[in-house]
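Observations on chain architecture
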There are 2 protein chains.
Amino acid sequence: MERTLIKNITEGRRRIAGFVENFRNKRTMAFIVVRDVTGKLQVTIEKEKHPEFSEMLDALTVESVVTFEGEVVKNDYVKLGGMEMLPDTMRIESIAEAMPIKDDSDIDCRMDYRWIDLRREQNKVMMQMQTTLTAAMRDFLLERGFVEIHTPKLIGAASESGSDVFEVKYFDTKAYLAQSPQFYKQMAMAAGLERIFETGPVFRAEKSFTNKHATEFSGFDLEFSYIDGVEDVMKMEEELLAYAIGKVKEKHGEDIERLFGIPVVVPTLPFPRMKLADVYRELEERYGYKVPDELHGDLTTEAERMTKQLCAEKYGHEFLFITDYDAKERAFYHMRDENGVPQGYDLIWRGVEITTGAQREHRYEILKKQADEKGLGQDVEFYLQFFRYGIPPHGGFGLGIDRLTMLFLGLSIKEAEFLFRGPNRLTP
Amino acid sequence: MERTLIKNITEGRRRIAGFVENFRNKRTMAFIVVRDVTGKLQVTIEKEKHPEFSEMLDALTVESVVTFEGEVVKNDYVKLGGMEMLPDTMRIESIAEAMPIKDDSDIDCRMDYRWIDLRREQNKVMMQMQTTLTAAMRDFLLERGFVEIHTPKLIGAASESGSDVFEVKYFDTKAYLAQSPQFYKQMAMAAGLERIFETGPVFRAEKSFTNKHATEFSGFDLEFSYIDGVEDVMKMEEELLAYAIGKVKEKHGEDIERLFGIPVVVPTLPFPRMKLADVYRELEERYGYKVPDELHGDLTTEAERMTKQLCAEKYGHEFLFITDYDAKERAFYHMRDENGVPQGYDLIWRGVEITTGAQREHRYEILKKQADEKGLGQDVEFYLQFFRYGIPPHGGFGLGIDRLTMLFLGLSIKEAEFLFRGPNRLTP
């Protein structure tokens, strides 16, 4: 017979399969709580009636995988939904050895056995919530005529960002792992694809041990043409996020609040926008924060964190667009206005930067000059070629899927990735 | 004013933007065909009326990017949809230098300037078709309770397949690039996620120069638990493909037939299934094909190609599941029946293998034995751990998105990837 998911269980003859959540083997009775991805059900066995189960019951352990068939009946004494199964067939699919970790084992130990750690309800909801988030973002963009691209992760030259790149032995030569799809999503603009997005891995060879850095994570990037300015990019991003967060709230809002204690707040539109200098001024006025002189053109980590409170008090909002950084602190490919102000922004959510976005400089001569000023002329030569044969004005941004997940649920990056990768972590 | 996409153009005042497809600059008139991602429109300029355009018209080149605003009117003499724009404002967004390639330049030359090559209508349709295909596959799976995962591409040990792996310099140690998410998607089964899929890059350090091999391509992988046998896996795959091909036909069938001369055929269900030995017998009977003795347990490339004709003649179908390979030719993690026959299959489309799928061996002792028999015990030690703490029976398969695209459109892999990567190709 077909298996029934536990959330769909009703009275009658059914087949269920799942992990053994709990197992009490008494003298005359055995009680097994079976857990599948949708819920839990108690299985009750009168041992005298089923001598054929006896050997299996003696072998059974917690977290083993079992299949049962039998009658599902109401029983008001059973806590789990007031139902239990009285099985007449039983099969052990897989026996579990003694668990090497517990729910409260430290994170590095849990990561050694990540596949066991992921069985916790929190982590199941995390994976489902991330699925909903990503699917909603894709749907939003497909609806608006975006196409999906897959840019190469093996690249011939170390790319743009300040972060270090991983070097790959590539037959008789060297390759590098892409730190971002930035150059290639702009290539798609030169290709006239007009609106593209990509989900894919991003690699950063940084020896960082913070709770938000990983050497590999999942990026969600997009780029689109024929914008009138950076405001178009911010508008796309706030609408995208409001839509996707709405979907997450709808499907997982209750679970997230119950399991993580964090409400999912669908942001109102538009998100607040502030210039960097105004952020600093208000942080000083309100909270006495003194920004170090040499950092006036960039957002310090401490100020970033403090914007959470500022944003809540000033706007009753969780998101904040910060604009008007110093050109010295921004990538050479951000367009600058006539006063040299970069036409880009960072988006901060709950005091953590989640995006850098910008209108890109699409005029070859100016772009080349800006690259040369940063001493990058040679390194980005291949990229500059994209601008010589016609290219529309364009802009875009990138989001880290794991970082968003982390912020949704109040986790560290180690907990928010399916399988974390860091300077000291390549396994399992 | 807001830009209008050319496919939506009607009479009245409009703004359009796009590449210059064609440009004739006569003494009194200028004719510019503007191309955006949705279509083409003629822009007609009476030069005497617009002396302010004169400098721009002198500078303008084919493939430059322009924006025009003005009245769109009917004109029966204009071939493109019987409409033209009479602009009163003109802006050049980007000037194109002389094109370095032509439509009929050889493929390697076109790849040096891939962003220009991608501007051809065929390639635009290719990217859109691939987007539709992937979105439809994801929708199909989301509808059936699958969650999306992102498995690490940086791995600590060279993994399972026979193909060579790329080595990465990872701080003071070495890492490798994942050749497939196989082990990690099975880890998700041990984690109790039950049904998962992933789209992500796959890396193969093979020095192959065929028209279907690349060192990096986009994989679409899935895995699901509580199957009763490999038949469940084949059923999932045929339904997935029939659904996704249906969506491609609906949205792009006409374009694909017009531009590539290949009809999109939505396959009937179920797909035909044949045992390998029967394939060989029929190839011999029908076409006199003699399989080399030592290859009886595997499908030769020539036989693979010939199944296209066999499949058409015998079943009137483009797809063929081939089962019952020799265990010596299959991965150690394929489950085998009591006679030692692997519970896996290859799926062939139009004479090319597109998938290997299987029920996986989930019983630790048997799996370990099968790994040892292939001399892999040590290499797959970390993977074997996934099977010691409870794991459901499961199976799955993987598809190459680029290979599917290639077969849909009758292209080589170089033409079917956004940006091809091969042993001699790391740029642009």
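Provided above is the structure to which this section pertains.
Treat the numbers as computed from the prediction; the structure is a model and nothing was measured. (Residues numbered from 1 in each chain as written. Chains lettered and ligands numbered in written order. Predicted model: local features only at pLDDT ≥ 70, side-chain atom pairs only at ≥ 80, totals over all residues. Heavy atoms only, no water.)

1. Details of the overall build of chain A
Stated precisely, the cut-off is as follows: The helix and strand labels rest on DSSP assignments: H or I over at least four residues marks a helix, E over at least two residues marks a strand, and numbering proceeds from the N terminus. Only protein chains enter the accessibility calculation, which uses a 1.4 Å probe; a residue is then buried when its area is under 20% of its type maximum, exposed when over 50%, and partly exposed in between. Should any heavy atoms of two residues lie within 4.5 Å, those residues are considered in contact. Each accessible area is a Shrake-Rupley result for a 1.4 Å probe, and residues are judged covered by the shown protein chains and nothing else. Just so you know, the count uses Lys and Arg for positive and Asp and Glu for negative, and it drops His and the chain ends. Charge placement uses NZ in Lys and CZ in Arg. For Asp and Glu, CG and CD serve respectively.
Regarding its fold elements, chain A presents twelve helices and 16 strands. Of all 428 residues assigned to chain A, the portion counted as buried reaches 60%. Of the contacts formed within chain A by residues at least 6 apart in sequence, a portion of 65% connects residues at least 24 apart. Only carbon and sulfur atoms are counted for the fraction: they give 46% of the accessible area of chain A, which is about 17,400 Å². Within chain A, the 74 negative side-chain charges are centred at a point lying 3 Å from the centre of the 58 positive side-chain charges.

2. Thoughts on the nonpolar core
Put simply, the rule reads: The term nonpolar core refers to a set of buried residues drawn from Ala, Val, Leu, Ile, Met, Phe, Trp, Tyr and Cys, joined through side-chain atoms within 4.5 Å.
F418 of chain A together with Y383 of chain B are the most contacted members of the largest nonpolar core, which totals 84 residues. Leave out the neighbours within four places in its chain, and F418 of chain A touches R114, L118 and M127 of chain A together with I149, H150, T151, Y184, M187, A188 and L193 of chain B. I149 and L376 of chain A together with I354 and F408 of chain B belong to the second largest nonpolar core, which has 83 residues in total.

3. Digging into the packing of aromatic side chains
Two aromatic rings are characterised by how far apart their centres lie and by the angle between their planes. Here is the rule: Only the six-membered ring of Trp is used, alongside the rings of Phe and Tyr, when aromatic pairs are assigned; centres must lie within 6.5 Å, and planes under 30 degrees apart are stacked while those over 60 apart are edge-to-face, with the rest tilted.
Under the criterion given, the structure shown has 52 aromatic pairs over all chains. Ring plane angle 10° and centroid distance 6.0 Å describe the contact between F197 of chain A and F220 of chain A, whose orientation is recorded as stacked. In this pair, F197 of chain A is assigned in strand β10 (residues 195-203) and F220 of chain A in strand β11 (residues 216-225), connecting sequence segments 23 residues apart. Taking relative accessible area as the criterion, F197 of chain A reaches 0% and is therefore assigned buried. For F220 of chain A, a relative accessible area of 0% corresponds to the buried category. Judged by centre distance (3.9 Å) and plane angle (20°), the ring pair of F183 of chain B and Y383 of chain B falls under stacked. Taken together, the residues F183 of chain B in helix α5 (residues 182-190) and Y383 of chain B in helix α10 (residues 381-384) connect sequence positions 200 residues apart. Residue F183 of chain B is classed as buried on the basis of its relative accessible area, which comes to 3%. We classify Y383 of chain B as buried; its relative accessible area is 0%. Among the aromatic residues, those joined into a ring-pair cluster are Y113 and W115 of chain A together with F183, Y184, F332, Y333, F382, Y383, F386, F387 and Y389 of chain B.

4. Examining the side chain of R421 of chain B
All names here are of chain B. Using the following cut-off: When a carboxyl oxygen of Asp or Glu is within 4 Å of a side-chain nitrogen of Lys or Arg, the pair counts as a salt bridge. Polar contact criterion, stated in full: a pair of N or O atoms within 3.5 Å, where within protein one must be able to donate a hydrogen and the other to accept it, and residues adjacent in sequence count only if both atoms are side-chain atoms.
Its place among the elements puts R421 in the segment after α12 (413-416). E216 is the oppositely charged side chain nearest to the buried, salt-bridge-free R421, at an N-O distance of 4.9 Å. Engagement of the side chain of R421 in a polar contact is seen with the backbone oxygen of L426, the distance being 3.1 Å. Looking at R421, its side chain comes within polar contact range of the main-chain oxygen of P428, at 2.9 Å.

5. Considerations on the sheet that holds strand β4 (residues 65-74) of chain B
All names here are of chain B. The cut-off we apply is this: Only strands joined by at least two bridges in the DSSP assignment are considered to pair. Interaxial angle, 0 to 180 degrees, is taken between N-to-C directions of lines fitted to C-alpha atoms, where a helix line uses only the stretch in contact.
Pairing is mixed in the closed barrel, where five strands are placed in the order β1-β2-β3-β5-β4. Mean inter-strand twist for the sheet, computed between neighbouring axes without regard to direction, equals 50°. Pairing analysis gives ten bridges linking β4 to strand β5 (residues 83-94), with the strands arranged antiparallel. From the neighbouring strand, T67 faces β5, where its bridge partner is R91.

6. Observations regarding the environment of A175 of chain B
With respect to the helices, strands and loops of the structure, A175 of chain B is situated in strand β9 (residues 173-177). Contact partners of A175 of chain B, with chain neighbours within four places excluded, come to L426 of chain A together with L154, I155, F166, E167, V168 and Y170 of chain B.

7. Regarding the pattern of salt bridges
Enumeration according to the criterion identifies 87 salt bridges over all chains in this entry. Across the pair E46 of chain A and K49 of chain A runs a salt bridge, and its minimum N-O distance is 3.6 Å. Of the charged contacts in the structure, one is a salt bridge between D88 of chain B and R13 of chain B, with a shortest N-O distance of 2.7 Å. Residue D88 of chain B is found in strand β5, and its partner R13 of chain B is found in strand β1 (residues 12-25); the two are separated by 75 residues along the sequence. Taking the relative accessible area as the measure of exposure, D88 of chain B reaches 32% and is therefore partly exposed. Via salt bridges that share partners, E21, R35, K40, E63 and R119 of chain A belong to a single interconnected network.

8. Some points on helix α5 (residues 182-190) of chain A
Residue and element names in this part refer to chain A. In terms of burial, α5 is largely enclosed, as nine of its nine residues are buried. Looking only at α5, the buried set comprises Q182, F183, Y184, K185, Q186, M187, A188, M189 and A190. Of the residues one or two after α5, G192 is the one with positive phi, at around 75°.

9. Quick look at the sheet that holds strand β15 (residues 352-359) of chain B
Residue and element names in this part refer to chain B. Ordered in space as β6-β10-β11-β16-β15-β14-β13-β12, the eight strands form an open sheet in which the pairing is mixed. The open sheet has two edge strands, β6 (147-148) and β12 (273-275), and neither has a second partner. Bridge analysis of strand β14 (residues 344-349) against β15 gives six bridges, and the strand direction is antiparallel. Counterpart to W349 in the pairing with β15 is V352. In the packing of helix α7 (residues 276-287) onto the sheet, the strands contacted are β12 and β13 (319-323), and the crossing angle to β12 comes to about 90°. Most of the contacts of helix α8 (residues 301-315) go to β13, to which it runs at about 115°, and overall it touches β12, β13, β14 and β15.

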